[in-house]
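# Overview (structure and organization)
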Amino acid sequence: MKYKQIVFDIDGTLIDSEQPILKSLQEMLLSVTGRKYPFEDLTFCFGITGEDTLKRLEIQDIPAAMELWLDALRRHENEMVLYGEIEELICRLAKDGYGLGIITSKPRILFEQDFGKYHISRYFHPVVCADDTLEHKPTSGPLLKYMELSGAAKNEILYIGDSIYDSKCAENAGVDFALAVWGSHTEETPANYYLKNPMDLLSVL
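Before going into details, it helps to say that this report is about the structure given with it. Small disclaimer: the values here were computed from a predicted structure and weren't measured.

Calculation criteria
- Residues numbered from 1 in each chain as written.
- Predicted model: local features only at pLDDT ≥ 70, side-chain atom pairs only at ≥ 80, totals over all residues.
- Heavy atoms only, no water.
- Helix = DSSP H or I, 4+ residues; strand = E, 2+ residues; numbered from the N terminus.
- Salt bridge = Lys/Arg side-chain N within 4 Å of Asp/Glu carboxyl O.
- Buried < 20%, exposed > 50% of the residue type's maximum accessible area, 1.4 Å probe, protein only.
- 1 Å grid on protein atoms, 1.4 Å probe; cavity = no way out; pocket = protein on both sides within 12 Å on 5 of 7 lines; lining within 4 Å.
- Points joined across faces, edges and corners; volume = space filled by probe spheres on them.
- Nonpolar A, V, L, I, M, F, W, Y, C, P; charged D, E, K, R; others polar.
- Pairing = 2+ DSSP bridges.
- Phe/Tyr/Trp six-rings, centres within 6.5 Å; stacked < 30°, edge-to-face > 60°.
- Lys NZ or Arg CZ within 6 Å of the ring centre and 35° of its normal.

## Brief notes about unusual backbone geometry
Cis geometry marks the peptide bond from H125 to P126, where omega comes out at 5°. Look at the link from K137 to P138: it is a cis peptide, with omega at 15°. Of note, P138 is situated in the loop between β5 (127-128) and α6 (141-150). Residue E58 is not a glycine yet carries a positive backbone phi of 60°.

Take a look at the structure:
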């Protein structure tokens, strides 16, 4: 077994949440600033924390804006779905004895709201959310926290994500990285492996 721990990002990797996230962010910004941002101006948000997103957008009252964003996300919650093959993949990995974990830029409350409803959520432990570290992606902080919680060495972990922030987090931690091409729609992000579909991971393992 080359890797003992298979660690996943959530948005763009396990869940197809691109449209709900962009819609809710757009709605919140319209309410706060009176400006309707086009989606292409907001896609930078994927892979970083909500707070970092709002800082880049120069929002003044970040806590209040986050509350509005969370409320908007709840309205679009039912639009989020697991990518095809994900449930089959996770059940297979668990059956084969791999440790499964999550590193996400979501705060814990949003992780539980967006992902806790899925049957496969019970397979993942530990889960590192934005609340759990002082430093976030693209720094090594989240993966170092994961190593601390899981007891796994860096060479025993494969991290799977869809963004350059995920790639850099893995690189900075000295961990191998697989790009979830199905969610990133690109193969330009540096990675050890490029997975066009979730079940492609089995050929790597």
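## Overview of the pattern of salt bridges
Note on pairing: side chains with opposite charge can pair once their charged atoms come close. Counting across every chain of the model gives 14 salt bridges. A salt bridge links K4 to E156; the nearest nitrogen and oxygen atoms lie 3.3 Å apart. Placement of K4 in the segment before β1 (5-8) and of E156 in the loop between α6 and β6 (157-161) is noted, with a sequence separation of 152 residues between them. Under the relative-accessibility criterion, K4 is labelled partly exposed at 47%.

## Brief notes about empty space enclosed by the protein
One pass over the full model with this rule turns up 2 cavities of 30 Å³ or more. At the level of elements, α2 (50-56) and α3 (62-75) are the ones that each hand at least two residues to the lining of the largest cavity. Broken down by element, the lining of the largest cavity gets its largest block of residues, 3 residues, from α3. Class assignment of the residues belonging to the lining of the largest cavity gives a composition of 10 nonpolar, 6 polar and 4 charged. Put simply, the second largest cavity is a space of about 30 Å³. Lining the second largest cavity are T104, S105, V128, C129, A130, T133, H136, K137 and P142. Taken together, the residues of the lining of the second largest cavity sort by class into 4 nonpolar, 4 polar and 1 charged.

## Some details on the pairing of β6
Among the 5 residues that make up β6, 5 are buried, leaving the element largely enclosed by the rest of the structure. The pairing of β1 with β6 spans 4 bridges and is parallel. Counterpart to I6 in the pairing with β6 is L158. Bridge analysis of β6 against strand β7 (residues 176-180) gives 4 bridges, and the strand direction is parallel. Among the inter-strand pairings, G161 is bridged to a residue of β7, identified as L179.

## So, the packing of aromatic side chains
Here the distance between the centres and the angle between the planes together describe a pair of aromatic rings. Under the definition given, this model contains 5 aromatic pairs. Both rings, one in Y159 and one in F177, keep their centres 6.1 Å apart while their planes meet at 55°; by these two values the pair is tilted. One end of the pair, Y159, is in strand β6; the other, F177, is in strand β7, with 18 residues separating them in the sequence. F177 carries the same exposure label as Y159, and that label is buried. Positioned over the ring face of Y37 is R35, at 4.0 Å from the centre of the ring.

Taken by themselves, the reported measurements are silent on function.
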